[in-house]
Amino acid sequence: QQPVQSPQAVILREGEDAVINCSSSKALYSVHWYRQKHGEAPIFLMILLKGGEQKGHDKISASFNEKKQQSSLYLTASQLSYSGTYFCGAIRYNQGGKLIFGQGTELSVKP
Amino acid sequence: DAMVIQNPRYQVTQFGKPVTLSCSQTLNHNVMYWYQQKSSQAPKLLFHYYDKDFNNEADTPDNFQSRRPNTSFCFLDIRSPGLGDAAMYLCATSRGTSPDEQYFGPGTRLTVT
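What counts, and at which threshold
Residues numbered from 1 in each chain as written. Chains lettered and ligands numbered in written order. Predicted model: local features only at pLDDT ≥ 70, side-chain atom pairs only at ≥ 80, totals over all residues. Heavy atoms only, no water. Helix = DSSP H or I, 4+ residues; strand = E, 2+ residues; numbered from the N terminus. Rg over C-alpha atoms; globule rule 2.2 N^0.38 Å. Buried < 20%, exposed > 50% of the residue type's maximum accessible area, 1.4 Å probe, protein only. Contact = heavy atoms within 4.5 Å. Areas by Shrake-Rupley, 256 points an atom, 1.4 Å probe, with all protein chains shown as cover. Lys, Arg positive; Asp, Glu negative; His and termini not counted. Charge placed at Lys NZ, Arg CZ, Asp CG, Glu CD. Disulfide = S-S within 2.5 Å. Salt bridge = Lys/Arg side-chain N within 4 Å of Asp/Glu carboxyl O.

A. Broad picture of the overall build of chain B. Secondary structure assignment for chain B yields zero helices and eleven strands. Moving toward the C terminus, one meets the helices and strands of chain B in the order β-β-β-β-β-β-β-β-β-β-β. Compactness check: chain B gives a C-alpha radius of gyration of 13 Å against a globular reference of 13 Å for 113 residues, within 12% of the reference. Put simply, chain B has 113 residues, and 49% of those count as buried. Here the contacts in chain B between residues at least 6 apart in sequence split such that 56% fall between residues at least 24 apart. Accessible area of chain B: about 5,500 Å², with a carbon and sulfur share of 47%. If you average the places of the 10 positive and of the 10 negative side-chain charges in chain B, the two averages end up 8 Å apart.

B. Quick peek at the state of the cysteines. Per the counting criterion, the structure on display carries two disulfides over all chains. The disulfide bridge from A:Cys22 ends at A:Cys88, spanning 2.0 Å between sulfur atoms. Taking the sign of the S-S torsion, 70° for the link of A:Cys22 and A:Cys88, the bridge is right-handed. In this pair, A:Cys22 is assigned in strand S3 (residues 18–23) and A:Cys88 in strand S9 (residues 84–92), connecting sequence segments 66 residues apart. With respect to burial, A:Cys22 and A:Cys88 carry one shared label: buried. What pairs with B:Cys23 in a disulfide is B:Cys91, and their sulfur atoms sit 1.9 Å apart. The S-S bond linking B:Cys23 to B:Cys91 shows a torsion near -70°; that makes this disulfide left-handed. Of the two residues, B:Cys23 sits in strand S3 (residues 19–25) while B:Cys91 sits in strand S9 (residues 87–94), which places them 68 residues apart along the sequence. In this structure B:Cys23 comes out as buried when scored by relative accessible area, which is 1%. Counting only cysteine sulfurs, B:Cys91 is the nearest neighbor of B:Cys74, a cysteine outside any disulfide, at a range of 6.0 Å.

C. A look at the environment of A:Leu99. Along the chain, A:Leu99 falls in strand S10 (residues 99–101). Since its relative accessible area comes to 3%, A:Leu99 is described here as buried. For the pair A:Leu99 and A:Gly89, spaced ten residues apart in sequence, the C-alpha separation works out to 5.6 Å. The contact partners of A:Leu99, leaving out residues within four places of it in the chain, are A:His32, A:Tyr34, A:Gly89, A:Ala90, A:Ile91, B:Tyr35 and B:Gln102.

D. Inspection of the pattern of salt bridges at higher detail. Residues and elements named next belong to chain B. Summed over the entire model, instances satisfying the criterion amount to three salt bridges over all chains. Residue aspartate 59 is joined to lysine 44 by a salt bridge in which the shortest nitrogen-to-oxygen separation is 3.4 Å. Linking aspartate 59 in the loop between strand S6 (53–56) and strand S7 (64–67) with lysine 44 in strand S5 (residues 44–50), this pair joins segments that are 15 residues apart in sequence. Overall, aspartate 59 belongs to the exposed group, its relative accessible area being 51%. Among the residues examined, lysine 44 registers a relative accessible area of 30% and is labelled partly exposed. In this structure, aspartate 77 engages arginine 67 in a salt bridge whose closest nitrogen and oxygen atoms are separated by 2.7 Å. Taken together, the residues aspartate 77 in strand S8 (residues 73–78) and arginine 67 in strand S7 connect sequence positions ten residues apart. What makes aspartate 77 buried here is its relative accessible area of 14%. Classification of arginine 67 as partly exposed rests on a relative accessible area of 39%.

All quantities given are derived from atomic positions and should not be read as evidence of function.
What follows is the structure, encoded as structure tokens:
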């Protein structure tokens, strides 16, 4: 089963914050986050490898709670360039490193 | 710049007419992946190569095959495309498998008429 992302879509004004959640029904080895703009390839944002790990760069950060099998992506002071569809990708134990993407969260940042 | 290149970017084929999509990489990565992405859906893994070792996903239709003649190139062959095969096909590479990040090419949008 693919990870479940929430919300499915979010609309923000420039400068506002957003949180995108990713939940798995099975134990996770790692979580990847990607952003894809319409008609373009997914772009890697970050990987979280350990339970409780938090990573970030610029105003985009993420956390990984291994016990809850959840990851969250935090976007602060959003910019127009943040618009796109965000996918989490889950790698589970004993799955040969296969990346299974969530259904995506469409983020629109308006001026 | 090191990158993942896909050709063509747009491909139109007729129902049942074989088609080949190509992917090349200058990253010298060991792993190459093929994903299918339909509109408003997540990328779905079709298969991947670790060097020359081929790994097929259980639910990948037999209609889809792949070749990797060398480290740099990988091909996706669709033997008899159906209307349901119209999609964006994404090639990706990674240095190793989990948990290395994957680098995606720009994709080939396939239309089946």
